[in-house]
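# Fold and geometry: a report
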Amino acid sequence: MTEKLIDSGGQGMVLLDLDDSGVGRLTLNRPEAANGMSVPFLRALYDALMRCHSEPRLRVLVVSGAGPNFCAGGDIKDFASKGEGLPDYLREATSWLQISVSALMRLNAPVIAAVHGFAAGGGGFGLVCAADLVVAAESAKFLPGATRAGMAPDAGVSVTLPRLVGLRRAMNLVLTNPILSAEEALDIGLVNQVVPDAELTEAADRLAATLAAGAPLALAASKRLLWDGVGRSVETGLPDEARTVSELSGTADAREGLAAVIERRRPVFTGR
């Protein structure tokens, strides 16, 4: 039996269910926008994660995306519509994203990201880096994407990514923005497992069942110890990340980057 912890009638931007075995399922639910993150979306995500923190029955959390993609990152069209108000809007969006990332890492229950389609930007790529374990479909594509739009990484990526794949690989990913296939992501240690698309849900559920049957206190303590080696640096680096993202969003290059993504063309950056 599955219980809706956040009952949105199927219309909410973030859905959260819990089954009898203690497996929670958090679904990013803006498929029409590739699960792109706006401020209302990020507020809903944070609310769902706080519900997870207050749920003693939760043994493991599986995060996935509705529609063709896991998460394409920030909602570029929403960002572009803010005009000169974008720095203030992104300051708020980044704050919600950062506390959501911290909430994922600090959740006692292990977090599995089940990724298909694109996982891009702070929203998608950042959530992948903040998950404890990642199962990817063969169709999955991974893209940091921030510098392509004249921005800088957020969601803690500037700290988590080098820890996951090494400094040189992280530099290459962030500065040149190659689109990684699932197999390439597996090779560099960004994901744990790659499965055929049709088997993604089954594989994530199988891993979740294994974790749900484990010793919850031991798993929580082990997760905390492992993240503490990264987490202190992530959390002390978050304010600088937020400030940098907000400042960059006010530049002409950021506006050009957003426009180029929307118009599906190569951006022309001028350094202003």
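Please refer to the structure placed before this passage.
This report concerns the structure included in the present document. (Residues numbered from 1 in each chain as written. Predicted model: local features only at pLDDT ≥ 70, side-chain atom pairs only at ≥ 80, totals over all residues. Heavy atoms only, no water.)

### A closer look at the pairing of strand β7 (residues 133-137)
Burial of β7 is extensive: four of the five residues sit out of reach of the surface. By the bridge criterion, four bridges tie strand β5 (residues 111-115) to β7 in an arrangement that is parallel. Looking across to β7, one finds that Ala114 is bridged to Val135. Summarising the sheet, β7 and strand β10 (residues 193-195) pair through three bridges and their orientation is parallel. Paired with Ala136 across the strands is Val194, a residue of β10. (Buried < 20%, exposed > 50% of the residue type's maximum accessible area, 1.4 Å probe, protein only. Helix = DSSP H or I, 4+ residues; strand = E, 2+ residues; numbered from the N terminus. Pairing = 2+ DSSP bridges.)

### Overview of the pattern of salt bridges
The final tally for this structure, using the stated rule, is 16 salt bridges. Asp228 serves as the salt-bridge partner of Arg106, at 2.9 Å between the closest nitrogen and oxygen. With Arg106 in helix α3 (residues 86-106) and Asp228 in helix α9 (residues 216-249), this residue pair connects regions lying 122 residues apart in the sequence. We classify Asp228 as buried; its relative accessible area is 14%. A salt bridge links Arg265 to Glu263, with the nearest nitrogen and oxygen atoms 2.6 Å apart. What emerges from the salt-bridge pattern is a single network uniting Asp19, Arg25 and Asp205. (Salt bridge = Lys/Arg side-chain N within 4 Å of Asp/Glu carboxyl O.)

Fair warning: the whole summary comes from geometry, so function is off the table for now.
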